[in-house]
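Coordinates in review
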Amino acid sequence: MPRLFTGLEIPAEIGMRLSLLRGGLRNARWIEPENYHITLRFIGDIDDRLADEVADALDRIHRDPVEIRLDGLGAFGKDKPHSIHAHVELTPALSELQAEQERIIQRLGLPAERRKFTPHMTICRLRGGTSPAEVANWLAMRGDFQAPPFIAGRFVLFSSKASTGGGPYVIEETYPLAA
């Protein structure tokens, strides 16, 4: 039973810039740069038949490439921080691409995503014991991270093993963005 999600890949140059931020936080499990991505829709654990239906349905998406801008760093989990991420600017094109995928996945009978789409790229996961003050200090020193914008020319259907996240991820299908 595959665990699937859709996402956008990150250029190696930007992955390298982000990887230079690693370190300085105890209890952090840093994501390997080759596993950096922007999740569009987590699909979850589904059977092979439904996975094939998802892959076929996503092939019907015809949209233009999407410009991606990273604008700073942040953390999820205010009182109990659990991850550090790069912010991704929510543009109309990115929002529409994600919403179309959401509609397709729901039409196949899967439940709606419970969380509001907040585009981001996780760079590390935090285990218990990392205090909000430590995270705030780390972000104060590095939070103004900037990278040049890039064009996402395709989106990807990824699979992963059931784990606490962070990869390795396998590209199952790619879908060009070209209306």
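On a predicted model such as this, the values are computed, not experimentally measured, just so you know.

**Description of the pattern of salt bridges**
- If you walk through the whole model with that rule in mind, you get 11 salt bridges.
- A salt bridge links Arg 26 to Glu 134; its shortest N-O distance comes to 2.7 Å. A residue pair is termed long-range when its members are at least 10 positions apart, and Arg 26 in the loop between helix 1 (12–19) and strand 2 (28–30) and Glu 134 in helix 4 (residues 132–142) qualify at 108 residues.
- One salt bridge connects Glu 96 with Arg 63, and the closest N-O pair in it is separated by 3.6 Å. Here Glu 96, found in helix 3 (residues 92–107), pairs with Arg 63, found in the loop between helix 2 (48–58) and strand 4 (66–68); they are 33 residues apart in sequence, far enough to count as distant.
- A residue is classified by how much of its surface remains accessible, and Glu 96, at 40% relative accessible area, is partly exposed.
- Residue classification places Arg 63 among the partly exposed residues on the basis of a relative accessible area of 22%.
- A single salt-bridge network, built from bridges that share partners, covers Arg 63, Glu 96 and Glu 100.

**Description of the sheet that holds strand 7 (residues 120–126)**
- Read from one edge of the open sheet, 4 strands run 2-7-6-5, paired in antiparallel fashion. Pairing within the sheet leaves two strands with one partner each, and these edge strands are strand 2 and strand 5 (70–76). Averaged over all pairs of adjacent strands, the angle between strand axes in this sheet comes to 30 degrees, irrespective of strand direction.
- In this structure, strand 5 lies alongside strand 6 (residues 83–88), joined through 5 bridges in antiparallel fashion.

**Description of the sheet that holds strand 1 (residues 3–9)**
- Sheet architecture is open: 4 strands sit in the order 3-1-9-10, paired in antiparallel fashion. The two strands at the open ends of the sheet, each matched to only one other strand, are strand 3 (37–45) and strand 10 (169–176). Averaged over neighbouring strand pairs, the angle between their axes works out to 25 degrees when direction is ignored.
- For strand 1 and strand 3, the ladder comprises 7 bridges, and the chain directions are antiparallel. Following the sheet pairing, Arg 3 is matched in strand 3 by Asp 45.
- On the sheet, helix 2 packs against strand 1, strand 3, strand 9 (154–160) and strand 10 and is oriented at approximately 170 degrees with respect to strand 9.

**Focus on helix 1**
- Those residues of helix 1 not exposed but buried are Ile 14, Gly 15, Leu 18 and Ser 19. Around the axis of helix 1, the buried residues are gathered within 140 degrees of arc, so they sit on the same side.

**Re the environment of Phe 76**
- For Phe 76, the location among the structural elements is in strand 5.
- Sequence separation between Phe 76 and Thr 122 is 46 residues, and the spatial gap between their C-alpha atoms is 9.6 Å.
- Setting aside anything within four residues of it in sequence, one finds Phe 76 in contact with Pro 81, His 82, Ser 83, His 85, Thr 118 and His 120.

Calculation notes
Residues numbered from 1 in each chain as written. Predicted model: local features only at pLDDT ≥ 70, side-chain atom pairs only at ≥ 80, totals over all residues. Heavy atoms only, no water. Salt bridge = Lys/Arg side-chain N within 4 Å of Asp/Glu carboxyl O. Helix = DSSP H or I, 4+ residues; strand = E, 2+ residues; numbered from the N terminus. Buried < 20%, exposed > 50% of the residue type's maximum accessible area, 1.4 Å probe, protein only. Pairing = 2+ DSSP bridges. Axes fitted to C-alpha atoms, helices over the stretch in contact; angles between N-to-C directions. Contact = heavy atoms within 4.5 Å. Arc of directions from axis to C-beta.

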